[in-house]
Amino acid sequence: MSTKHKVLVTATNYSLLCADAKRMLEEAGCEIIENQLGRPHTFEELAPLVADIDGVVAGVDTWDEAIFKLAPKLKGIARFGVGVDNIDLAKAQEYGIKVANVPGGNANAVAELTIGLILSMLRNIPTLERSARRGYWDRTVGMELADRTIGLLGFGNIAQMVAKKLQGFDVQIIAYDKYPNEEKAKALGVKLVSSDEVLAQSDVVSMHLPSLKETHHMMSDEQFNRMKQAAYFVNTARGALVDERALYKALKQGRIAGAAIDVYEQEPVAADNKLFELEKLIATPHTAAETTETYYRVGLDTAQALLDIFAGKDPIHLLR
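This one's a predicted model, so the numbers in the text were calculated from it and none came from an experiment. (Residues numbered from 1 in each chain as written. Predicted model: local features only at pLDDT ≥ 70, side-chain atom pairs only at ≥ 80, totals over all residues. Heavy atoms only, no water.)

## Observations concerning the sheet that holds strand β5 (residues 98-100)
This is how the line gets drawn: Two strands make a pair as long as DSSP finds a minimum of two bridges between them. Each helix corresponds to a stretch of at least 4 residues labelled H or I by DSSP, and each strand to a stretch of at least 2 residues labelled E; elements are numbered beginning at the N terminus. We call two residues in contact whenever any of their non-hydrogen atoms come within 4.5 Å of each other. Only the contacting stretch of a helix is used when fitting its axis, a line to C-alpha atoms as for every element, and angles between N-to-C directions run 0 to 180 degrees.
Pairing is mixed across the open sheet formed by 6 strands, whose spatial order is β2-β1-β3-β4-β5-β13. On the outer flanks of this sheet lie β2 (30-34) and β13 (318-319), each paired with one strand and no other. Bridge count between strand β1 (residues 5-9) and β2: 5 bridges; the pairing is parallel. Of the residues in β2, the one forming a bridge with valine 7 is isoleucine 32. Taken strand by strand, helix α2 (residues 19-27) contacts β1 and β2, and its axis lies near 140° from that of β2.

So this is what it looks like as structure tokens:
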């Protein structure tokens, strides 16, 4: 079958974890160009790849007018996930590029890692693991999750899954959302409160807001100062939501007890990021959605979205 469309995949591990999706595209005549870096592309790395591509299965690389100008054949971007803060939707529309995402496709994976990070902080799991490997017997005393208050900043799909999975831990859950789903909150036993109340009352504050202009650096010095000194902070949403300098100060000065973050203001994160100097920080490399199940589901959905776009149809989750 002759090639009809060229598809660039900037999401990682595509052949390994999205074999069915890749096969779907290839059987439709698409040529696949895969990410060989194992990380997001920079502008300089994307620029020579986009001149003749028709579609993109996009990771967290930046897709803006500078790239669109270099990609005259580009018809569609299928975001490998839900967040599209890395894609300039307005400019995409101007250039006639359709953009789709996969809402809820990675929600379970992100929710599970969020809870894993919470438990890791409270029980000092990374510290204990390093100690045991060195032959030490530093049995650091941790804390139990039971009877604590978990505060969710944002109450969308992922936060709702976190709340559901926390039901068996005997915790109190409070949440803030600009447009709260009161029915879901009631069903999950979640009390809806203001963002200030989440910060002031929670033993663990977990970030689940979208990255927008109005939420940029939502967690700054002022917000960290409102948290309990013994409280912990988790961010598996987007790095732009947190002023990393403020987080560094809050941890360094003991204004909060600890933090666990999966996302950063600049990605890939630099090895000399000052946050990495701190023992009170648990860090993972934007891996919350990285499960075999997520890759399978999202792979198929993104492949179908591009095939719909190539056929002149609107994909199910078209973003306007």
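## Some remarks on the sheet that holds strand β11 (residues 258-261)
Sheet architecture is open: 7 strands sit in the order β8-β7-β6-β9-β10-β11-β12, paired in parallel fashion. Edge positions in the sheet fall to β8 (190-192) and β12 (281-283), since each of these pairs with one other strand and no more. Neighbour-to-neighbour, the strand axes of the sheet open up by a mean angle of 20°, direction not taken into account. The pairing of β11 with β12 spans 3 bridges and is parallel. In the sheet register, alanine 260 faces β12, and the bridge partner there is isoleucine 282. Against the sheet, helix α6 (residues 107-122) touches β9 (204-207), β10 (232-235), β11 and β12, its axis set at about 150° to β10.

## Topic: the UniProt feature "domain: D-isomer specific 2-hydroxyacid dehydrogenase NAD-binding" (unreviewed entry) in the chain
Which entries qualify depends on this criterion: UniProt positions are given in the numbering used here, feature names are shortened, and annotations may be inferred rather than shown by experiment.
Under the feature "domain: D-isomer specific 2-hydroxyacid dehydrogenase NAD-binding" (unreviewed entry), the UniProt entry names residues 115-288. A distance of 11 Å separates the end C-alpha atoms of residues 115-288, which is 32% helix and 16% strand.

## Remarks on α2
We count it as follows: Three labels apply to residues, based on accessible area from a 1.4 Å probe with only protein chains included: buried if under 20% of the type maximum, exposed if over 50%, partly exposed otherwise in between. The directions from the helix axis to the C-beta atoms are what the arc is built from.
Listed in full, the buried residues belonging to α2 are Ala21, Lys22 and Leu25. Looking straight down α2, one finds that the buried residues subtend no more than 100° of arc, so they occupy a single side. Where α2 is buried, its residues contact β1, α1 (14-17), β2 and α13 (292-310). One or two positions beyond α2, positive phi appears at glycine 29, with a value near 95°.

## Re the packing of aromatic side chains
Given two aromatic rings, their pairing is described by the distance between the two centres and the angle made by the two planes. How we decide: Pairing of aromatic side chains requires ring centres within 6.5 Å, counting the rings of Phe and Tyr and the six-membered ring of Trp. Pairs whose planes differ by under 30 degrees are stacked, by over 60 edge-to-face, and all others tilted.
Tallied over the entire structure, the rule returns 4 aromatic pairs. When the ring of phenylalanine 68 is compared with that of tyrosine 95, the centres are 5.9 Å apart and the planes differ by 50°; the resulting orientation is tilted. Residue phenylalanine 68 is found in helix α4 (residues 65-68), and its partner tyrosine 95 is found in the loop between α5 (89-94) and β5; the two are separated by 27 residues along the sequence. A ring pair is formed by phenylalanine 80 and tyrosine 295, whose centres lie 5.2 Å apart and whose planes are at 45°; its orientation type is tilted. With phenylalanine 80 in the loop between β4 (76-79) and α5 and tyrosine 295 in helix α13, this pair connects stretches of sequence that are 215 residues apart.

## What to know about the pattern of salt bridges
Cut-off, in case you're wondering: Here, a salt bridge means any Lys or Arg side-chain nitrogen found within 4 Å of an Asp or Glu carboxyl oxygen.
Under the counting rule described, the total for this entry stands at 19 salt bridges. In this structure, glutamate 222 and arginine 226 form a salt bridge, with 2.3 Å as the shortest nitrogen-oxygen distance. A residue pair is termed a helical-turn pair when its members lie 3 or 4 positions apart in one helix, as glutamate 222 and arginine 226 do in helix α11 (residues 221-226) at 4 residues. The class for arginine 226 is partly exposed, based on a relative accessible area of 31%. Residues joined by salt bridges that share partners form a network here, namely Glu65, Lys91 and Glu94.

## What to know about the pairing of strand β6 (residues 149-153)
The cut-off we apply is this: Crossovers are marked right-handed if the path from the first strand over the helix to the second runs clockwise, as seen with the strands pointing away from the viewer.
Within β6, 5 of the 5 residues are buried, which leaves the element mostly enclosed by the surrounding structure. Across the two faces of β6 the burial is the same, with Thr149, Gly151 and Leu153 and Ile150 and Leu152 all buried. The sheet contact formed by β6 and strand β7 (residues 172-176) spans 5 bridges and is parallel. Bridging from a neighbouring strand, threonine 149 pairs with glutamine 172 of β7. Traced from β6 through helix α8 (residues 157-165) to β7, the parallel crossover comes out right-handed. Pairing of β6 with β9 involves 4 bridges; the strand directions are parallel. Bridge pairing in β9 places leucine 152 opposite serine 206.

## Some details on the domain arrangement of the chain
Short version of the rule: Domain start and stop points were drawn from an automatic or database domain assignment. For any pair of parts, buried area is found by adding up, for both, the accessible area (1.4 Å probe) each one loses once the two are put together.
According to the domain assignment, the chain consists of domain 1 (6-104 + 291-319) and domain 2 (106-283). On a C-alpha basis, the centroid separation for the pair domain 1 and domain 2 is 30 Å. Opposite the 11 residues of domain 1 that make contact, domain 2 presents 8 residues. Area buried by domain 1 at its contact with domain 2 is led by Asp85, Gly104 and Thr294, which between them contribute 45% of it. Residue arginine 238 pairs with aspartate 85 through a salt bridge whose shortest N-O separation is 2.7 Å.

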